[in-house]
Amino acid sequence: MRFIKTIAMLAAMGSDIGIGAASVFRPTKPPAVPLAVRSPYLNAWLQGESGCVLPGEWPRFWTGDIQGWQGYVAVDGVAYNWMGGAPGPGPVNQLSLEYTSTKSIFTFDVAQKITLTVTFLSPVYPDDIQRQSLQFSYVTVTAKSSDGASHKVQVYMDVSGEWASGDNSEKVQWEFGTESNLYYLKFWRENQHEFKEANEIASWGNWYLSTGFHEGLTWQIGQDTTVRNQFAGNLTLSNSQESEFRPVSENWPVFAFSHDLGDIKDDEVERIFTLGLIQDNVIHFARQNNTLEPVRGLWMSFYNNSDMEAVVSFYNDYRHAVETMSLLDQRIEKDSVEAAGQNYSLITTLALRQTFGAFQYAGTPEKPYIFLKEISSNSDIQTVDVIFPAFPIFVYLNATLSRYLLDPLFEHQESGSYPNKYAEHDLGTFPVAKGYPNGDDEAMPLEECGNMIIMSLAYAQRTGDTGYLTAHYPILAQWAQYLIEDSVVPANQLSTDDFAGTLANQTNLAIKGIIGLKAMSQIAQLTNNTDDFKDKAEDYLMTWKAYAINYDASPPHTTLSYGDKDSHGILYNIYADRLLGLQFVDQSVFDMQSDFYLTVANEYAVPLDTRHTWAKSDWEMFAAAVAKNETKEMFIDKLAKWVGKTTTNRAMTDLFDSITGDYPSGGPTFVARPVMGGMFALLALPKE
């Protein structure tokens, strides 16, 4: 009898803690779920090894390191876990996860009494540099009765000092405060080291967890187990803080809020939290004379250099954020479906936050900058061949943003701080943009010269700002001269796919340089300069077709390198011809490649080239954008299948095995990289 009673008790407990049907995922189950993703330092995810189920799992920084973030809900005196891996209350039952371009929406059943909806909103404002300059994100918690009865509900959230320091032995300090209608918990690393990182996390700045005042709001700062047990046992917090500042990992201080929502029956009750980072100076930049100077966060110009003004403004802007992001979500979904169907929308909506999460907005309204972090590959800043694959997202959303990315590269090189005649690969290691005064950057001369010329023309075409081309014409012409010297028969060198090593006579690299020369011809004409590039480009294209195409193959196709008839690769660089509307490369080349890709596709993608079975999703979309419909659908359908089935479990990688769908065996593990802006390649093409 005792055994039977025990089984019955366990069954009842199972029902209470949410053991039930598996979560539904819309539009699919992603490799990882963006939670708070707005900058290189506010970049938190729910990783896919959890099955994308939030209760009981710690959110993690893009590196995979835990960022303590705990959520509880109490219903009729019993506490449950809706986020985080802390021991104690059992998990709620996750009913569904839906992601849009800017939101991740979790719906939970709590003891078959309350439906709890938690929405992580990381706004993206392509047309509003003021709002985009803030490194803050929203979390809303909404409760509603699911059984028609009235229930008493309390909700809880805390964050740990892990957000403020990548070194858990470092001491953090904290304070509680109020401002206007806002309660906030501020915490920061005691030893501030401007422009330094520890395990990729900023070693300077102030973190804020904030929420609006409502009757029943309480707060507490203290040891993790003490604070969490206080809520679980008492359904409220103590409105107190421990006075002993200490290292992140010493009795793990956490910063917590609790809202008592009262009796919930017929109406939904919502509470809003914000989480983010304030940094005064954000980048160390050598504009000229190799002298590093601090560059202020762009937010400072709009919020009177005041942390609190920024924090309060972001919280009070929530309704505007919801309305504006709903419109952006709808726009991206509608445009994606119209361009290539629901599977394409599934891909683009997952790419937006990841792309913008690699950007730091800096400078002033009169001179804004966007600095890019090459997340996860080597943390370079302003990597030209990372900006290039991301470029379609700017062309589609707001081409003016591309200027803010290109400006630091032009300014540094035009100052004479870079000695080589070809374009610089990057400006250093984020957040220090010191460049390479000795010219010892990773050399991709043909790659970067072509990229800079193509992107500069694309910016001018979409904005009408030909003055930009005039201002930078001397250095653009210098880079074009390098293309004249090296494009048609490229020397042994790296391309952007540097993980594959150097190679001479790269077919795909050569066509980038040749298209770059054709683009330079357009630039010369737009700026009333002598066009010394048109004839070269046309001559080079004829030579390239003779060298690059294996006409004996069935079907014919371009080779990976000249003369290697057994090789092939994705000819993604012809995308630039269509992006710029040049109509330069023969349509027969596009059609030939389009037919060929169908014959070499693997389970999840077409391999990048014959050196590996690896695939690059950004280049897959470049190829899809300029392919015949059947081939375009093949690329998109395979990538959409990969998104939902891949065994990779972190922020969406752009490099995977085309057969297994996993990270490449023996290759690099790329995660959270901004190159996912390339998913917008179809939407960036000129309207017919």
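Because the structure is a prediction, the values reported are computed rather than measured. (Residues numbered from 1 in each chain as written. Predicted model: local features only at pLDDT ≥ 70, side-chain atom pairs only at ≥ 80, totals over all residues. Heavy atoms only, no water.)

## Structural notes on helix α7 (residues 342-356)
Along an α-helix, a turn takes 3.6 residues, which lines up residues three or four apart on a common side.
Piece 1. Between its terminal C-alpha atoms α7 stretches 23 Å, which fits the 21 Å expected from 15 residues at 1.5 Å a residue.
Piece 2. The element α7 is extensively covered by neighbouring structure, given that 13 of its 15 residues are classed as buried. (Helix = DSSP H or I, 4+ residues; strand = E, 2+ residues; numbered from the N terminus. Expected span 1.5 Å × (residues − 1). Buried < 20%, exposed > 50% of the residue type's maximum accessible area, 1.4 Å probe, protein only.)

## Overview of the UniProt feature "domain: Glutaminase A N-terminal" (unreviewed entry) in the protein chain
Piece 1. Taken from the UniProt record, the annotation "domain: Glutaminase A N-terminal" (unreviewed entry) applies to residues 102-335.
Piece 2. In the segment residues 102-335, helix accounts for 20% and strand for 47%; the C-alpha atoms at its two ends are 16 Å apart. (UniProt positions renumbered as here; feature names shortened; annotations may be inferred.)

## Observations concerning the UniProt feature "domain: Glutaminase A central" (unreviewed entry) in the protein chain
Piece 1. Listed under "domain: Glutaminase A central" (unreviewed entry) in the UniProt record, and renumbered for this structure, are residues 341-683.
Piece 2. Counted over residues 341-683, helix gives 48% and strand 6%. Its end C-alpha atoms are 12 Å apart.

## Side note on the pairing of strand β24 (residues 359-363)
The two faces of the sheet receive side chains in turn, since in a regular strand these alternate between them.
Piece 1. Judged by how many residues are buried, β24 sits mostly within the fold: five of five residues are covered.
Piece 2. Relative to strand β25 (residues 368-372), β24 runs antiparallel, the two sharing five bridges. If you follow glycine 363 over to β25, its bridge partner there is proline 368.
Piece 3. Between β24 and β25, which pair antiparallel and follow one another directly, the connecting turn spans four residues. (Pairing = 2+ DSSP bridges.)

## Focus on the nonpolar core
Piece 1. By size, the foremost hydrophobic cluster in this structure holds 230 residues, and its most contacted members are Trp69, Val73, Trp82, Leu116, Phe120 and Trp544.
Piece 2. If one sorts the elements of this core by residue count, helix α8 (residues 384-397) sits on top with eleven residues.
Piece 3. With near-sequence residues (within four places) excluded, tryptophan 544 lies in contact with Thr507, Ala510, Ile511, Ile514, Thr558, Tyr562, Leu571 and Val589.
Piece 4. With twelve residues, the next largest nonpolar core counts Tyr72, Ala86, Phe231 and Val254 among its residues. (Core = buried A, V, L, I, M, F, W, Y, C linked by side-chain atoms within 4.5 Å. Contact = heavy atoms within 4.5 Å.)

## Focus on the pairing of strand β6 (residues 78-83)
Piece 1. When you tally the buried positions in β6, you get five out of six residues, the bulk of the element.
Piece 2. Sheet analysis places strand β5 (residues 69-75) next to β6, joined by five bridges and oriented antiparallel. Pairing of valine 75 across the sheet is with valine 78, part of β6.
Piece 3. Between β5 and β6, which pair antiparallel one after the other, the connecting turn spans two residues, and aspartate 76 there sits at a positive phi close to 50°.

## Points about the pattern of salt bridges
Piece 1. Using the criterion set out here, one finds 33 salt bridges in the structure.
Piece 2. For aspartate 595, the salt bridge identified is with lysine 628, shortest N-O distance 3.0 Å. Taken together, the residues span a long stretch of sequence, with aspartate 595 in helix α16 (residues 587-600) and lysine 628 in the loop between α17 (617-625) and α18 (629-645) at a distance of 33 residues.
Piece 3. Given a relative accessible area of 36%, lysine 628 falls into the partly exposed group.
Piece 4. Each of the salt bridges in this network shares a partner with another, and the network as a whole consists of Lys367, Arg403, Asp407, Glu411 and Asp465. (Salt bridge = Lys/Arg side-chain N within 4 Å of Asp/Glu carboxyl O.)

## Some remarks on helix α12 (residues 473-486)
Piece 1. In this model α12 runs 20 Å from its N-terminal to its C-terminal C-alpha over 14 residues, within 8% of the 20 Å that 1.5 Å per residue would give.
Piece 2. Taken as a whole, α12 has its buried residues at Tyr473, Ile475, Leu476, Trp479, Ala480, Tyr482, Leu483, Ile484 and Asp486.
Piece 3. On the buried face of α12, the contacting elements are α9 (400-414), α10 (445-463), α11 (466-471), α13 (507-526) and α14 (534-548).

## Here's the deal with the sheet that holds β6
Piece 1. In space, the six strands of this open sheet follow the order β6-β5-β11-β20-β17-β18, with mixed pairing throughout. Bordering the open sheet on either side are β6 and β18 (240-241), each of which pairs with just one other strand.
Piece 2. Across the sheet, helix α3 (residues 224-234) is in contact with β5, β6, β11 (151-160), β17 (217-223) and β20 (253-264); its angle to β17 comes to roughly 150°. (Axes fitted to C-alpha atoms, helices over the stretch in contact; angles between N-to-C directions.)

## As for unusual backbone geometry
Piece 1. Here the residue pair arginine 26 and proline 27 is connected by a cis peptide bond, since its omega of 0° sits within 30 degrees of zero.
Piece 2. Looking at where proline 27 falls in the secondary structure, it is placed in the loop between β1 (24-26) and β2 (32-37).
Piece 3. Following phenylalanine 430, the chain continues into proline 431 via a peptide bond in cis, with omega recorded as 5°.
Piece 4. Structurally, proline 431 is set in the loop between α9 and β26 (432-433).
Piece 5. Of note in the backbone geometry, serine 376 takes a positive phi value of approximately 75° without being a glycine.
Piece 6. Secondary-structure assignment places serine 376 in the loop between β25 and α8.
Piece 7. Although it is not a glycine, glutamine 382 sits at a positive phi angle of roughly 65°.
Piece 8. With respect to the element layout, glutamine 382 can be found in the loop between β25 and α8.
Piece 9. Judged by its relative accessible area of 0%, glutamine 382 falls in the buried class.

## Side note on the packing of aromatic side chains
Ring pairs (aromatic) are described by centroid distance and by the angle formed between their planes.
Piece 1. Per the stated rule, a full pass over the model turns up 44 aromatic pairs.
Piece 2. Between the aromatic rings of tryptophan 642 and phenylalanine 656, the centroid separation amounts to 4.4 Å while the plane-to-plane angle is 20°, which identifies the pairing as stacked. One end of the pair, tryptophan 642, is in helix α18; the other, phenylalanine 656, is in strand β30 (residues 655-657), and 14 residues separate them in sequence.
Piece 3. The exposure class of phenylalanine 656 is buried, given its relative accessible area of 0%.
Piece 4. Ring-pair connections join several aromatic residues into one group, and the members of that group are Trp69, Phe106, Phe108, Phe120, Trp163 and Trp207.
Piece 5. Positioned above the aromatic ring of tryptophan 188 is the side chain of lysine 186, whose terminal nitrogen or guanidinium carbon lies 5.1 Å from the ring centre.
Piece 6. Across the ring face of phenylalanine 388, the terminal group of lysine 512 is positioned such that the distance to the ring centre comes to 4.0 Å. (Phe/Tyr/Trp six-rings, centres within 6.5 Å; stacked < 30°, edge-to-face > 60°. Lys NZ or Arg CZ within 6 Å of the ring centre and 35° of its normal.)

## Description of the side chain of glutamate 447
Piece 1. Looking at where glutamate 447 falls in the secondary structure, it is placed in helix α10.
Piece 2. On the accessibility criterion, glutamate 447 (1% relative accessible area) is buried.
Piece 3. In this structure the side chain of glutamate 447 is engaged in a polar contact, spanning 2.4 Å, whose partner is the side chain of lysine 512.
Piece 4. In contact with glutamate 447, other than residues within four places in its own chain, are Asp385, Ser495, Thr496, Leu509 and Lys512. (Polar contact = N/O pair within 3.5 Å; in protein donor to acceptor, adjacent residues only side chain to side chain.)

## A word on the packing of α8 against α17
Piece 1. Here α8 crosses α17 at 50°, and the two axes come no closer than 11 Å. The angle between the axes of α8 and α17 places the two elements in the oblique class. Regarding α8 and α17, the two cross each other, and that crossing is left-handed. The segment α8 lies against α17, with Phe388, Pro389 and Pro392 engaging Asp618, Trp619 and Phe622.
Piece 2. Residue composition of the contact of α8 with α17, grouped by class: five nonpolar, no polar and one charged. (Parallel < 35°, antiparallel > 145°, perpendicular 65-115°, else oblique. Left-handed = near helix turned anticlockwise from the far one by under 90°. Nonpolar A, V, L, I, M, F, W, Y, C, P; charged D, E, K, R; others polar.)

## Looking at the sheet that holds strand β22 (residues 281-286)
Piece 1. Across the sheet, which stays open at both edges, the three strands sit in the order β23-β22-β26 with mixed pairing between neighbours. In this open sheet, the two strands that pair with only one neighbour each are β23 (292-296) and β26.

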